[in-house]
Amino acid sequence: MQWRMQMLFQRKLKIRFLFLLFLALLVHLVMDFALPTTHRSCGCDTKASKAMGVLSGSSMPASLKKLSLRILQDFSGSNGSLEKSSQPERAGLHLRAGEPGVQQQHEEANAGWTRGSKLAALFEHPLYNIPVPEVTEKDKLFIVNPMEKFSLRSSRSDEWVSSSKAETLLPTGKTAYDTYPTWLKFHIGINRYELYPRRDPLLPTLLQDLATQRIISSVQKSGGTQLKLIMTFPNYGQALFKPMKQTRDQETPIDFFYFSDFERHNAEIAAFHLDRILDFRRIPPVSGRLVNITKEIRDITTDKKLAKTFFISPAGNVCFYGECSYYCSTEHALCGKPDRLEGSMAALLPDKTLAKRRSWRSPWRRSYHKSKKAEWELNPNYCAQVRETPPYDSGHRLLDLIDMAILDFLMGNMDRHHYETFEKFGNDTFLLHLDNGRGFGTHSRDEPSILAPLHQCCSIKKSTYLRLQLLATQPYRLSDVLREALAADPLAPVLAEPHLKALDRRLEKVLVAVGHC
């Protein structure tokens, strides 16, 4: 009996001893994992933190603290829908060039999407960092009252509040400028020298808004030869919508006249990015978007003429055609799959009642006739008389026109009959490169007549020529940087590969033309 009691006692002792060992091991593991990263012997966390630009041993990166603060401020602002649609790393970009904190915010916003890319390297090149003249008050399109806040109004939307409640919802410690929606900041930033700055911190957010903001109204745009819609957002912002008419791999038939060609939505998107890569920055921001024809056009339109043109195709797809000069019929209807339709969304410029624009007939305008030719096509010395005609007889207007011709040649756009400028700035300002939908129609053939201003005048800006030479080199090849820029668009791939390859071929032809001069 006593022997059995001893055996039982020893067994219990062994079990307790093993339990204590297991408990000690468990406590050791917990304490090991609870130690700060700086006390561990492994260097992987240190390497990771360095790769992220964070010093090892810091309890919380300063950038994350700032990002958290900015996000809180954004969601306390008046424009809830705009901020909710923005990606976190792009949230809170409220300042333009010349405003305090722009450089720091730009570096934080662009660190993720440009690091290690050809496009980023291009924009860091000295040719893309040539300073613009100092912008004075008279050089700004608008003089803004610094005390005027963006007003709100009541509506059925939860994104609006009454103006009496607006003051309590505005971010504290911010200027009135910070209450403006992105589209309004874009308008305010326009000046004599550029439509938007090179390193515009607003650009990613503005493109995001064009692609994601809720559409509350869709009506036809008056004028023009093909169907376009004006779409309105809850924050009063508006965009010009051009619907998809051709697939990416379709080319304009060789027997088509330039004035009867389709307007392509992807050409508008690609033109904006190409214009930016050339450092012109004269095309308003454009983003691709997949639109629901039923919910975002048919059900909300107040345009009775447009509403009458909707129908269901034999395949069960929702279609419409609107009213316009060309291609607005049942045979040329725009159909969704079943109601989804691609299109380009271009930020609208300020209303002409607020910022008047002057339309100029291009000296190298085509005849827009099936058999007649324009004077410049018959007279090889045509440029001489252009040089004697205002406003081309002084300033940089003629050189700006040649810039535009180079842009059009690269795109294959023959439809440049007019251009516009902001009236406030007179003749000493940039040209607006609007309406680029007839570009990128062909990739297998080039149209040398588009370069007539360059051939006949034998003039080009030195900065333009140097950038074109740069874009012809392997590290900054034009097709590569444009491909990279377009990859971020919601409708990527925006251009078929042959169109990108054609850019390099055409760029060489531009450089050869300059060499001949």
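Check the entry above for the structure.
Residues numbered from 1 in each chain as written. Predicted model: local features only at pLDDT ≥ 70, side-chain atom pairs only at ≥ 80, totals over all residues. Heavy atoms only, no water.

Asker: Can you walk me through the overall build of the protein in this structure?
Answerer: Within the protein, the secondary structure is distributed over 19 helices and 10 strands. Counting every position in the protein, which comprises 517 residues, the buried fraction comes to 49%. Within the structure as shown, the protein displays about 26900 Å² of accessible surface, and the carbon and sulfur contribution to it stands at 58%. (Helix = DSSP H or I, 4+ residues; strand = E, 2+ residues; numbered from the N terminus. Buried < 20%, exposed > 50% of the residue type's maximum accessible area, 1.4 Å probe, protein only. Areas by Shrake-Rupley, 256 points an atom, 1.4 Å probe, with all protein chains shown as cover.)

Asker: Even after reading the chapter, I still don't get the sheet that holds strand β3 (residues 238–243), so can you show me in this structure?
Answerer: Sheet strands line up and pair through hydrogen bonds in the backbone, either parallel or antiparallel. Here we have 5 strands laid out as an open sheet, ordered β1-β2-β3-β8-β4, and antiparallel in their pairing. Looking at the sheet topology across the chains shown, the edges are occupied by β1 (217–220) and β4 (286–292). Averaged over all neighbouring strand pairs, the angle between strand axes comes to 35 degrees, with direction disregarded. With 7 bridges connecting them, β4 and strand β8 (residues 340–347) associate as antiparallel partners. Opposite valine 286, over in β8, you have alanine 346 as the bridge partner. (Pairing = 2+ DSSP bridges. Axes fitted to C-alpha atoms, helices over the stretch in contact; angles between N-to-C directions.)

Asker: How should I be thinking about helix α9 (residues 203–212) in this particular structure?
Answerer: Residues three or four positions apart in an α-helix share a direction because the helix packs 3.6 residues into each turn. Counting buried residues along α9, 9 of its 10 residues qualify, which places the element largely inside the surrounding structure. Every buried residue belonging to α9 is among Leu203, Pro204, Thr205, Leu206, Leu207, Gln208, Asp209, Leu210 and Ala211, and all of these are buried.

Asker: In this structure, what is going on with the packing of helix α8 (residues 182–189) against α9? I would like to understand it.
Answerer: Axis angle and axis distance: for two packed helices, these are the angle between their axes and the distance between the axes, and together they describe the pair. Following both chains from N to C, one finds α8 and α9 inclined at 130 degrees, their axes separated by 9 Å at the closest point. As summarised for this structure, α8 and α9 are arranged oblique, according to the angle between their axes. Handedness of the crossing formed by α8 with α9: left-handed. Facing α8, whose interface residues are Thr182, Trp183 and Phe186, α9 presents Thr205, Leu206 and Asp209. Here the residues of the contact of α8 with α9 are counted per class, giving 3 nonpolar, 2 polar and 1 charged. (Parallel < 35°, antiparallel > 145°, perpendicular 65-115°, else oblique. Left-handed = near helix turned anticlockwise from the far one by under 90°. Contact = heavy atoms within 4.5 Å. Nonpolar A, V, L, I, M, F, W, Y, C, P; charged D, E, K, R; others polar.)

Asker: Whenever I open this one, unusual backbone geometry confuses me. Can you help?
Answerer: Peptide bonds are trans in most cases, and residues, glycine excluded, mostly fall at negative phi. Here the bond from proline 390 into proline 391 is cis, since omega is 0 degrees, no more than 30 degrees from zero. Following the sequence through the fold, proline 391 ends up in the loop between α14 (382–387) and α15 (397–411). Note the cis peptide between alanine 492 and proline 493, where omega equals 0 degrees. Examined against the element boundaries, proline 493 turns out to sit in the loop between α18 (478–486) and α19 (497–516). The backbone of tyrosine 327 sits at a positive phi, close to 60 degrees, despite the residue not being glycine.

Asker: Where do I start with the packing of aromatic side chains in this structure?
Answerer: Two descriptors summarise a pair of aromatic rings, namely the distance from one centre to the other and the angle between the planes of the rings. Per the counting criterion, the structure on display carries 11 aromatic pairs. Ring centres of phenylalanine 422 and phenylalanine 430 lie 6.4 Å apart, and the angle between their planes is 75 degrees; on these two criteria the pair is classed as edge-to-face. Take phenylalanine 422: its relative accessible area is 1%, and that puts it in the buried class. Between the NZ or CZ atom of arginine 397 and the centre of the ring of tryptophan 360, over which it lies, the distance is 4.5 Å. (Phe/Tyr/Trp six-rings, centres within 6.5 Å; stacked < 30°, edge-to-face > 60°. Lys NZ or Arg CZ within 6 Å of the ring centre and 35° of its normal.)

Asker: Sorry, what's going on with the pattern of salt bridges here?
Answerer: Proximity of charged atoms lets side chains of opposite charge pair with each other. Here the structure, examined in full by the defined rule, presents 28 salt bridges. When the shortest N-O distance is used, the salt bridge between arginine 467 and aspartate 279 registers 2.9 Å. Note that arginine 467 is positioned in helix α17 (residues 462–471) and aspartate 279 in the loop between α10 (265–277) and β4, a separation of 188 residues in sequence. Residue arginine 467 is classed as buried on the basis of its relative accessible area, which comes to 7%. Here lysine 461 ties to aspartate 403 by a salt bridge, and the two come within 3.4 Å at their closest N and O atoms. (Salt bridge = Lys/Arg side-chain N within 4 Å of Asp/Glu carboxyl O.)

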